[in-house]
Structures are given as C-alpha cells and as structure tokens.
Amino acid sequence: MEEKTNLIKDLSIEEREEIFVDIARTLEDTAREALVEGNRQFADLSTNMAEAIRVNADELARDDPENAERVLQEATAMILQFEAVHPYRMVSMAVH
C-alpha cells in the first residue's frame, strides 16, 4: 500500500478513485475483524473513515494530489496499526 501513496500523483483520476474505493473496502474489512474481536472503538473509527473516503472518492481523486496522498497515508496507517496488533488475521472456512 505504501507504493500506492508514493505514486498517487502519477495516476489518472480513474485510477486514483479506484485506489480510494479499494482502501475504503480494506478499512471496512478491518472494521469487521475488529468488531468480531471486541474492539468496537477501532471498528467505529475504521468504518467512519471508510465511509468518508467512499463518499468523497471522486473529489479526492480529482482535487489536490497532496491532500489525496495524505488521506491515503492516514488510512494506510490505520490498517497497518490493526495488522501490527493482530498479525494473525482470521480466515473464514465457511461454505455458503
């Protein structure tokens, strides 16, 4: 993910928007895992950040690339913080 933040200025608007949608999806996944583990505060923070990014993905992709890069760095830091505390993520083996 760090590679993505360093190259944000070189990407097209569509590619930037796609990255924001992907990072929002990853934050939502992290929020679900945190909620399952009982960390409601982190889950709420991740969910709120994901929603804000998803709602504003178009503006973030079109406007100031430096601001977009800052948002990506903050979102990446949230995800990395969760992964550092929970290095062994849950894997569902459920069959639907």
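Residues numbered from 1 in each chain as written. Predicted model: local features only at pLDDT ≥ 70, side-chain atom pairs only at ≥ 80, totals over all residues. Heavy atoms only, no water.

Engineer: I keep staring at helix 5 (residues 65-85) and nothing clicks. Help me out?
Structural biologist: Because each turn of an α-helix spans 3.6 residues, side chains separated by three or four positions end up pointing in the same direction. Between the first and last C-alpha of helix 5 there are 30 Å, a value that for 21 residues agrees with the 30 Å anticipated at 1.5 Å per step. Taken together, the buried positions of helix 5 are Ala68, Glu69, Leu72, Ala75, Thr76, Met78, Ile79 and Phe82. (Helix = DSSP H or I, 4+ residues; strand = E, 2+ residues; numbered from the N terminus. Expected span 1.5 Å × (residues − 1). Buried < 20%, exposed > 50% of the residue type's maximum accessible area, 1.4 Å probe, protein only.)

Engineer: Can you help me understand the packing of aromatic side chains in this one?
Structural biologist: Any two aromatic rings considered together are summarised by their centre-to-centre distance and by the angle between their planes. Applying the stated criterion across every chain yields a total of one aromatic pair. With centroids separated by 5.3 Å and ring planes inclined at 25°, the aromatic side chains of phenylalanine 42 and phenylalanine 82 adopt a geometry described as stacked. With a gap of 40 residues between them, phenylalanine 42 in helix 3 (residues 40-55) and phenylalanine 82 in helix 5 connect regions that are remote in the sequence. In this pair, the class of phenylalanine 42 matches that of phenylalanine 82, namely buried. (Phe/Tyr/Trp six-rings, centres within 6.5 Å; stacked < 30°, edge-to-face > 60°.)

Engineer: Would you take a moment to explain the environment of serine 12 for this structure?
Structural biologist: Structurally, serine 12 can be placed in the loop between helix 1 (2-6) and helix 2 (13-36). You can call serine 12 partly exposed: its relative accessible area is 29%. Along the sequence, serine 12 and arginine 62 sit 50 residues apart, while their C-alpha atoms lie 9.0 Å from each other.

Engineer: Teacher, can you tell me more about the confidence of the model for the protein chain here?
Structural biologist: Keep in mind that low pLDDT regions are not for reading the predicted coordinates in detail. For the protein chain, mean pLDDT is 84; residues scoring 70 or higher make up 82% of the total. Mean pLDDT values for the elements of the protein chain range from 49 in helix 1 up to 94 in helix 3. (pLDDT = per-residue confidence, 0-100.)

Engineer: Is there a simple way to explain the pattern of salt bridges in this structure?
Structural biologist: Pairs can form between side chains of opposite charge whenever their charged atoms are close. The full count for this structure, using the stated rule, is four salt bridges. Aspartate 29 is paired through a salt bridge with arginine 32; the nearest N and O atoms lie 2.3 Å apart. On the criterion of helical spacing, the pair formed by aspartate 29 and arginine 32 is a turn pair, its members being three residues apart in helix 2. Residue classification places aspartate 29 among the partly exposed residues on the basis of a relative accessible area of 31%. Across the pair arginine 62 and aspartate 58 runs a salt bridge, and its minimum N-O distance is 2.8 Å. Taken together, the positions of arginine 62 and aspartate 58, both in helix 4 (residues 57-62) and four residues apart, correspond to about one turn of that helix. (Salt bridge = Lys/Arg side-chain N within 4 Å of Asp/Glu carboxyl O.)

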